[in-house]
Amino acid sequence: MQTVTFTNSRGQSVELKNIAPFVLSMIEGLGDVESVTQTQKSPFQHGTTYIDSELESRFIPIEISIVGTNESDISEKREYLSSVFNPTLGKGILRYENSRIVREIVAVSEHVPIYPSGDSRTHNYQVAVVDLICPDPFWCDVNPTNIKLEDFVSSFRFPFSFPVRFATRGDSRVLVNEGHVPTPVKITFRGESINPKITNQTTGKFIQINRSIPKDYTLVINTAFGNKTIEIIAPDGVTTNANGYMDLASEFFQLEVGENKINFITEGGKPEVYIEYKNRYLGV
């Protein structure tokens, strides 16, 4: 049995399945998403040269059968459904689950639910039509994968060359992106660190912050498209934008599909380092 739950930005939610009062009669768009293929053409070239393909937004139409006891009950349930799928509330979360998977996607209602008349409406029955748009077309795991990188201290090296650094801390770990496409990461350094650097050795891309992070402070790096941020959080919760401290050769990397060897290193301190991500999927 499939169950669909929509929760709006106010925390109101409605569960749709094959049981009254809100019966899921139809849902589409769970897999199909349009894409735009980018090509270029040179003079005298036969055909074109392929550049890239990008997915469009996902559209999910839903038909709901509202089952009640009388006209007053149906009217009350219509009112509640309209409050949940209120397009002025902005983004909500659509969760899909069946016997095998549970995944979710950010969605916005394109309009207030439509309540057709005629055969779609009786004293104890009402059809409702909802159309959702998902600006980010990927389904995601409900719960993120959160990995702690273990700490080690490198051995001393002789002979010394000046300026000399006596020790560094770091770790290397293989993370697996089980999704269908690359996925962004949230990287957290908790505690003191000096010039922390984290590298996806699979791609060679890295992020380095050229400054010291004091004890009891937290460094948070987010590589999500449209939300690429570097922040330092003080013990009292005050957040400082630290994008200006990112090394010029750095790049906000993602985890490629499959195995990714991740390494972190810091020239001092003993931070706890965590990497958090969600696998992203093309369909459910």
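Remember, predicted model here, so these are calculated numbers, not experimental data.

Colleague: Could you clarify how one ought to interpret the sheet that holds strand 21 (residues 229-233) in this entry?
Modeller: The pairing of strands in a sheet comes from backbone hydrogen bonds and takes either a parallel or an antiparallel form. Taken in spatial order, the 6 strands line up as 12-24-15-20-21-22 in an open sheet, and their pairing is antiparallel. Both outer strands of the open sheet, strand 12 (145-149) and strand 22 (239-241), are each paired with one neighbouring strand and no more. Taken over all neighbouring pairs, the strand axes of this sheet differ in orientation by 20° on average, direction set aside. Where strand 12 lies against strand 24 (residues 272-277), 5 bridges are found, and the strand directions are antiparallel.

Colleague: Got a minute to help me understand the confidence of the model for the chain in this structure?
Modeller: Low pLDDT means the predicted atomic positions in that stretch should not be read closely. Residue-level pLDDT values for the chain average 90, and 92% of them are 70 or greater. Low confidence marks residues 152-162, where pLDDT is under 50. Its contacts with residues over four positions away, or in another chain, come to 11 contacts.

Colleague: When you look at the side chain of Q126 in this model, what are you seeing that I'm missing?
Modeller: Along the chain, Q126 turns up in strand 10 (residues 125-134). Classification of Q126 as buried rests on a relative accessible area of 0%. Within the structure, the side chain of Q126 is placed 3.1 Å from the backbone oxygen of P116, a separation counted as a polar contact. In terms of polar contacts, Q126 uses its side chain to reach the side chain of R121, at 3.2 Å. Residues contacting Q126, with those up to four places away along its chain left out, are I64, S65, I66, I74, R78, Y115, P116, S120 and R121.

Colleague: Would you take a moment to explain the nonpolar core for this structure?
Modeller: Soluble globular proteins tend to pack their nonpolar side chains together in the buried interior. In this structure, I62, I64, L81, F85, L94 and L132 are the most contacted members of the largest nonpolar core, which totals 27 residues. Breaking this core down by element, the ones donating at least two residues are strand 1 (3-7), strand 2 (13-16), strand 3 (22-27), strand 6 (58-67), helix 1 (71-84), strand 7 (92-97), strand 8 (102-109) and strand 10. With sequence-adjacent residues up to four places away left out, I62 is seen in contact with L16, L24, M26, I27, A128, V129, V130 and L132. In this structure, V185, I213, L219 and I232 belong to the second largest nonpolar core, which totals 22 residues.

Colleague: Explanation requested: the environment of N146 in the structure shown.
Modeller: Within the element layout of this structure, N146 appears in strand 12. Accessibility expressed as a relative area gives 44% for N146, which makes it partly exposed. Sequence separation between N146 and Y274 is 128 residues; the distance between their C-alpha atoms is 6.7 Å. With near-sequence residues (within four places) excluded, N146 lies in contact with Y274, I275 and E276.

Colleague: Any chance you could explain the packing of aromatic side chains here in plain terms?
Modeller: Note on aromatic pairs: each is described by the distance of the centres and the angle between the planes. Tallied over the full model, the rule gives 3 aromatic pairs. With a centroid separation of 4.9 Å and an interplanar angle of 15°, the aromatic rings of F6 and F85 are classed as stacked. Of the two residues, F6 sits in strand 1 while F85 sits in the loop between helix 1 and strand 7, which places them 79 residues apart along the sequence. Plain terms: the ring middles of Y96 and W139 are 6.4 Å apart, the flat faces sit at 65° to each other, and that makes the pair edge-to-face. Residue Y96 is located in strand 7, and its partner W139 is located in strand 11 (residues 139-141); the two are separated by 43 residues in the primary sequence. Just as Y96 is buried, W139 falls in that class too. Positioned over the ring face of Y281 is R103, at 3.4 Å from the centre of the ring.

The rules behind the values
- Residues numbered from 1 in each chain as written.
- Predicted model: local features only at pLDDT ≥ 70, side-chain atom pairs only at ≥ 80, totals over all residues.
- Heavy atoms only, no water.
- Pairing = 2+ DSSP bridges.
- Helix = DSSP H or I, 4+ residues; strand = E, 2+ residues; numbered from the N terminus.
- Axes fitted to C-alpha atoms, helices over the stretch in contact; angles between N-to-C directions.
- pLDDT = per-residue confidence, 0-100.
- Contact = heavy atoms within 4.5 Å.
- Buried < 20%, exposed > 50% of the residue type's maximum accessible area, 1.4 Å probe, protein only.
- Polar contact = N/O pair within 3.5 Å; in protein donor to acceptor, adjacent residues only side chain to side chain.
- Core = buried A, V, L, I, M, F, W, Y, C linked by side-chain atoms within 4.5 Å.
- Phe/Tyr/Trp six-rings, centres within 6.5 Å; stacked < 30°, edge-to-face > 60°.
- Lys NZ or Arg CZ within 6 Å of the ring centre and 35° of its normal.

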